[in-house]
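As a plain string of letters, each chain reads:
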Amino acid sequence: MKLPPTYYCVLLLRFPDYSSAFSTASSSSMPSSRLNIHNNKLFATNPFKSILSNIQQQGMSSISSDCIGQLQTLTDQLLSSHSVGSWDDIRNQLQSKQTNDELKFRDNLDKGYGKGSPLHKLRLFDESNKEEDVRVTLYRDSASWCPYCHKVWATLEEKRIPYKVEKINMRCYGEKPASFNRLQPSGAIPVAIIDGVTYNQSNDIIFALEDKFLDHKALFPRDDNKQMAKAQELLRLERTLFSAWMYWLTSRDSPRGELRSNFISVLSEVESELLNANGPFFLGDEISLVDMMFVPFLERIVASMLYFKGFEIRVAPGEKTNYPAINRWFDAMETLESYQLTKSDYYTHCWDLPPQLGNCVSEFGSEEFQDAINGKTPGSWHYPLIAHEGEPDWTFCGAGAKREAVERVSANHQAIVKFACRGAGSAGFPRYGAELSDPNAVSNESVQPFVDASLKIILTKLLDGEDCDEAMNNLVTVLKKEDGLDEQVAMSLVYLRDRVGVPRDMRLPAARQFRATLNWAIDKLA
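These notes cover the structure that comes with them. (Residues numbered from 1 in each chain as written. Predicted model: local features only at pLDDT ≥ 70, side-chain atom pairs only at ≥ 80, totals over all residues. Heavy atoms only, no water.)

**Some thoughts on the packing of helix α19 (residues 485-497) against helix α20 (residues 508-525)**
It is the contact of α19 with α20, at a shortest axis distance of 9 Å, that shows an interaxial angle of 165 degrees. Classified by the angle their axes make, α19 and α20 are roughly antiparallel. Considering how the two elements wind past one another, α19 and α20 form a crossing that is left-handed. On α20, the residues that touch Asp 486, Val 489, Ala 490, Leu 493, Val 494, Leu 496 and Arg 497 of α19 are Phe 514, Arg 515, Leu 518, Asn 519, Ala 521, Ile 522 and Leu 525. Looking at the contact of α19 with α20, its residues break down into 10 nonpolar, one polar and three charged. (Axes fitted to C-alpha atoms, helices over the stretch in contact; angles between N-to-C directions. Helix = DSSP H or I, 4+ residues; strand = E, 2+ residues; numbered from the N terminus. Parallel < 35°, antiparallel > 145°, perpendicular 65-115°, else oblique. Left-handed = near helix turned anticlockwise from the far one by under 90°. Contact = heavy atoms within 4.5 Å. Nonpolar A, V, L, I, M, F, W, Y, C, P; charged D, E, K, R; others polar.)

Following this line, the structure appears as structure tokens:
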């Protein structure tokens, strides 16, 4: 059985919003991807090899409507016999287990209140702010991939400046709306409109926020000349680190290892600055714009250097490292809600960087980390889950990862089901820079009732429901009555699994639980 290739981005809407299937919007279409079956498990192939020679139309199911109706009747009876309820039942079961803060999530999302979420389109923080008084509109990427959007987004959150969000595609996975191209002829993001003035560069936006919102938390030491000079020096170091990283990431090093040596030299300078900072942050005990400028790139450096080069920077607590100050800095950043909101996982970064940069080059010694990050290592995306090798656990998330996954999926299940069925659908044209971004792909509608049933069982299992193993086994038996239907459902679940984005769709602990439970179902189907 051949299954389609993997890519990670759950972008559903062609117009007007290329947002996630986990947001409240109707779906359109995306691409199929190719996977290999190995020992009855569906594992992602290396996503960074060229797939141009592998582009092919996936055959759509030709199941008759009568057959679909008969199988759907059997499926409905099966779910009922195993106490797998309707979507409303699943939402009610979830709500009976949620904390007070979790119960308020959707209401806060609509009003712009509470802790920040990538789903917020309006951010007021609390009742003291009114929508009509918002002075900032941020145009950021819908997938939460862009590092330049990341630092502006985190700055707004840290300063608690109310803002509105407009989500725009990056070029590598779809078209931008004409209205945005008129606003920003280059097409680059982020863009911000502040008090009616348009700012087209991330650093310009950040400094405008600092200048125009003096009643909010200050992040730049404008009254301390010594600290200002130090900040400027550190910002130059950030650009030097960026260059050293980019040269090595996008190239194969020479036998003498010049690119590696240069990167280590600059990274060691960053380590030294943090060791001598008299606090966990670059300018001491308090967060500053220097940290905001460093964080999107240091986060991506840690992920990509491990994945592509086998070079470890961030370690789990208690492990030995050559970069203890950088690790302490990350620990300090993770205490901030602004960073908790915007932080991504290694998998997301290692799949989104190549289409943005054009190329990322793997070197010997990175294979074991690639397997762990891509979910191939036992325990990374399969139960029983173990600590993610190379990526410290997100302990700041606390409990409730399963509930978070169920909430995000159940809140927009119709769009998510249709989106997943692209895995058994057909590819579209034209292609986009992100290898498997395909807003013109066609979802296989005949598979939807059975993907829907599978997801109901999966979410029931996440809620610790009983009889889920038997329910899934019996569903497989029903699907096998129509040749190939079980494979098409498996393809759909694989497609969804590989496109769960962090932080866009859910945080890493929730994503790992959801991916592992999808794999539990996939293994039964494959």
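**Digging into the pattern of salt bridges**
Across all of its chains, the model carries 29 salt bridges by this definition. The salt bridge partner of Asp 126 is Arg 160, with a shortest N-O separation of 3.5 Å. Of this pair, Asp 126 sits in the loop between β3 (122-123) and β4 (136-141) while Arg 160 sits in the loop between α5 (147-159) and β5 (163-168), and the two are 34 residues apart along the sequence. On the basis of relative accessible area, Arg 160 is assigned to the partly exposed category, the value being 41%. As a salt-bridge pair, Glu 334 and Lys 343 come within 3.4 Å of each other at their nearest N and O atoms. In this structure Lys 343 comes out as buried when scored by relative accessible area, which is 5%. Overlapping salt bridges bring together Arg 91, Arg 106, Glu 407 and Arg 408 as one network. (Salt bridge = Lys/Arg side-chain N within 4 Å of Asp/Glu carboxyl O. Buried < 20%, exposed > 50% of the residue type's maximum accessible area, 1.4 Å probe, protein only.)

**A short note on the pairing of strand β6 (residues 191-194)**
Side-chain positions along a regular strand alternate between the two faces of the sheet. Where β4 meets β6, four bridges bridge the pair, whose relative direction is antiparallel. In the sheet register, Tyr 139 faces β6, and the bridge partner there is Val 191. One ladder, built from three bridges, connects β6 with strand β7 (residues 197-199); its direction is antiparallel. What sits directly across from Ile 193, in β7, is Thr 198. Hairpin connection from β6 to β7: two residues lie between these consecutive antiparallel strands, with Asp 195 at a positive phi of about 50 degrees. (Pairing = 2+ DSSP bridges.)

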